[in-house]
Each structure stands twice: as C-alpha cells, then as structure tokens.
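Structure at a glance
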Amino acid sequence: MRASLIQIGVDQDEPVEARRARAASLVREQAAADLVVLPELWTVGAFAFDSFTAAAEPVRGPGARTAEAMSEAAREARVWLHAGSVVERATGESGEAVYYNTALVFSPDGELAATYRKIHRFGFDRGEATLMSAGAEPVAVPLPDTTLGLATCYDLRFPELFRALTDAGAQTLVVSAGWPERRAAHWSLLVRARAVENQAYVLACGTAGAHAGVPQAGRSVIVDPWGETLAEAEDAEEQVVAADLDPAYVAKVRADFPVLRDRVLR
Ligand SMILES: O=C(O)CCC(=O)C(=O)O
C-alpha cells in the first residue's frame, strides 16, 4: 500500500482559491498512491486566526468548496484521500455558528467517508482554543487494507487519544498538522513514540512555509510499527514524502513483540 504525504506550502500571499486548485492538482499527481494525505488547515493557515471565521466553510452541501474540490481530486486520482482539515462552520444548538477544525477523508469514489473534529485545541487561552469548539469523538476509518486512526496536530501530545484509536482497531495513525518550526524536536520525537507504543504505522504530514508569520517545521514523516523511519522530509520546503506500507507488518510486530497484550491499566 503506497502512501504519499503532500507537504504543501502555505503562503498567505497565495489566494486560498488558488491554493485549493493547486492542492487538487498535487493530489491528482499522486494517482499511483493508494492513500494521499494533506496537512492541517492548509487552506487558511493553521496560525491565521484572524481569518478563521471568514474562511470557514461547511463540510457538505452548498459552499463546501474544499470538500468539493477534494472529493473530485480523490475521484480523479482514484485514491483514498485524507484531505487535511478545514475550518468547519456548523450550527450550534441555538442556531448560532460554531467552528471546528475538521479533517476530511474521501474514498476513491469521491465519497466523504469520514470527518474528524480535532479534540485537543491548541493555543491555551488564545487562538484556536477560543475560536473553535472541541470535537468529542475519536475516529477510526476502515480502508480495504488497513484502518486509519485520525489525529490533528496538537492531538499528537495526547497519547490516550492514540491508544483509544488503537483500541478502535487503528493500524495506521494519521497526523495532519501545521506544526511550528520552534518545536520541531517534539514533533519528531512524539511521532516516533506514537508509532512504537501503538505498534502502528504513523503518517505525519506537516506544511511548508509560514502560517501568518509562524515558520513551519515541515519534516513530514512515515514511521513503521517498529519505529523505523521509511521516508522523511528534511526541511519545510514543499514536497511529497512517500513510502510503501505493508499492512500485514502491523499484526506481525504486535504478535512477535506483544506489548499491547501486556497492558494492565485500561
Ligand atoms: O503542540 C504544538 O507544539 C503545536 C500544536 C499546533 O500548532 C496546533 O495544534 O495547531
């Protein structure tokens, strides 16, 4: 199973519409892959808080521009597509607008197979943490050859989410991110930790460039269930990071070195 991570560049000078079209064409170029992954909030930029509400869009129906473009790209390339995340505009209980950082997964037929609302919002008392609502549900997505477990950026710091995804059957953990350069060492360490402790593939896709003046770490990486790096971006330039995954290897590692079986606390 071939996975391609598109570490797309986010430059605030490029209109979102142009980046959407560029992302779609980058996805189409990965038609040889089975699974393609884009990063977090690549439309607006993960740190462009001032633009979040203006850039918000539904994930289905009229005005779902990113979802429409990504559905078409997945269908044309015939790939499973984790299309990164968008600022989702939804309606709250009293009819008010509420916002989520929502990841979208499309099937090769272009169907919206799953959405995941980021559970851990970043920013402490500022930015995303105040502008967005938190998701509540871990999301695992069965594909023909593996089950994906979905996580977005800051979620990477919360191992209990990844354990819940593993318990839900995830064998390939996908982290879609806009991780800043100044904490790149944490990114590299935590991605490998999540792979080793859950004995799962981790596909961690960051962005290139700078979001609202925040330089990005890039360093998208594919790690196998034994913690070996299969492919990695060395910097934060726009590029594709790709590797072949062997879905049977997850079961082999879990059987040969049965750490998950030895859990005591649940
Ligand atoms: O945890 C971090 O250091 C970065 C998290 C982040 O940038 C995000 O979730 O948007």
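As recorded by an unreviewed UniProt entry, the protein carries the name Carbon-nitrogen family hydrolase and is attributed to Streptomyces glaucosporus. For the protein, the Sequence similarities (unreviewed entry) comment in UniProt is given as "Belongs to the carbon-nitrogen hydrolase superfamily. NIT1/NIT2 family."

Once that is clear, we can look at the overall build of the protein. The helix and strand inventory of the protein stands at 7 helices and 15 strands. Along the longest, intermediate and shortest principal axes, the C-alpha atoms of the protein span 50 × 40 × 35 Å. Here the protein, with 266 residues, has 55% of them falling under the buried criterion. Within the protein, counting contacts between residues at least 6 apart in sequence, those at least 24 apart form 66% of the total. Taken as two groups, the 26 positive and 37 negative side-chain charges of the protein have centres that lie 4 Å from each other.

The next point concerns the packing of aromatic side chains. Enumeration over the complete set of coordinates arrives at 9 aromatic pairs. Ring plane angle 80° and centroid distance 5.2 Å describe the contact between Tyr154 and Phe158, whose orientation is recorded as edge-to-face. Take Tyr154: its relative accessible area is 13%, and that puts it in the buried class. A residue is classified by how much of its surface remains accessible, and Phe158, at 21% relative accessible area, is partly exposed. Measuring from ring centre to ring centre gives 5.4 Å for Trp226 and Phe257, while their planes differ by 85°; the resulting arrangement is edge-to-face. Here Phe257 lies in the segment after helix 7 (247-256) and Trp226 lies in the loop between strand 13 (221-223) and strand 14 (229-232), a separation of 31 residues in the sequence. On the basis of relative accessibility, which here comes to 45%, the residue Phe257 falls in the partly exposed class. Members of the aromatic cluster, connected to one another through ring pairs, are Phe47, Phe49, Phe52, Phe122, Phe124, Tyr154 and Phe158. Taking the ring centre of Tyr100 as reference, the NZ or CZ of Arg117 above it sits at 3.8 Å. One Lys or Arg, Arg194, reaches over the ring of Phe162 and ends 5.9 Å from the middle of that ring.

Now for the packing of helix 5 (residues 159-167) against helix 6 (residues 184-198). What describes two packed helices is the angle between their axes and the distance between those same axes. One can describe the packing of helix 5 onto helix 6 by two numbers: an axis separation of 10 Å at closest approach and a directional angle of 40°. Of the possible angle classes, the one that applies to helix 5 and helix 6 is oblique. Both helix 5 and helix 6 take part in a crossing whose hand is right-handed. Residues Pro159, Phe162, Arg163 and Thr166 of helix 5 touch helix 6, and the partners they reach there are Arg194, Glu197 and Asn198. Across the contact of helix 5 with helix 6, the residue classes break down as 2 nonpolar, 2 polar and 3 charged.

Moving on, we come to unusual backbone geometry. The backbone phi angle of Leu41 is positive, close to 40°, even though this residue is not glycine. Structurally, Leu41 can be placed in the loop between strand 3 (35-37) and helix 2 (52-55). In this structure, Cys153 is a non-glycine residue whose phi angle is positive, near 45°. By the secondary structure assignment, Cys153 is in the loop between strand 8 (147-152) and helix 5.

Calculation rules
Residues numbered from 1 in each chain as written. Predicted model: local features only at pLDDT ≥ 70, side-chain atom pairs only at ≥ 80, totals over all residues. Heavy atoms only, no water. UniProt positions renumbered as here; feature names shortened; annotations may be inferred. Helix = DSSP H or I, 4+ residues; strand = E, 2+ residues; numbered from the N terminus. Buried < 20%, exposed > 50% of the residue type's maximum accessible area, 1.4 Å probe, protein only. Contact = heavy atoms within 4.5 Å. Lys, Arg positive; Asp, Glu negative; His and termini not counted. Charge placed at Lys NZ, Arg CZ, Asp CG, Glu CD. Phe/Tyr/Trp six-rings, centres within 6.5 Å; stacked < 30°, edge-to-face > 60°. Lys NZ or Arg CZ within 6 Å of the ring centre and 35° of its normal. Axes fitted to C-alpha atoms, helices over the stretch in contact; angles between N-to-C directions. Parallel < 35°, antiparallel > 145°, perpendicular 65-115°, else oblique. Left-handed = near helix turned anticlockwise from the far one by under 90°. Nonpolar A, V, L, I, M, F, W, Y, C, P; charged D, E, K, R; others polar.

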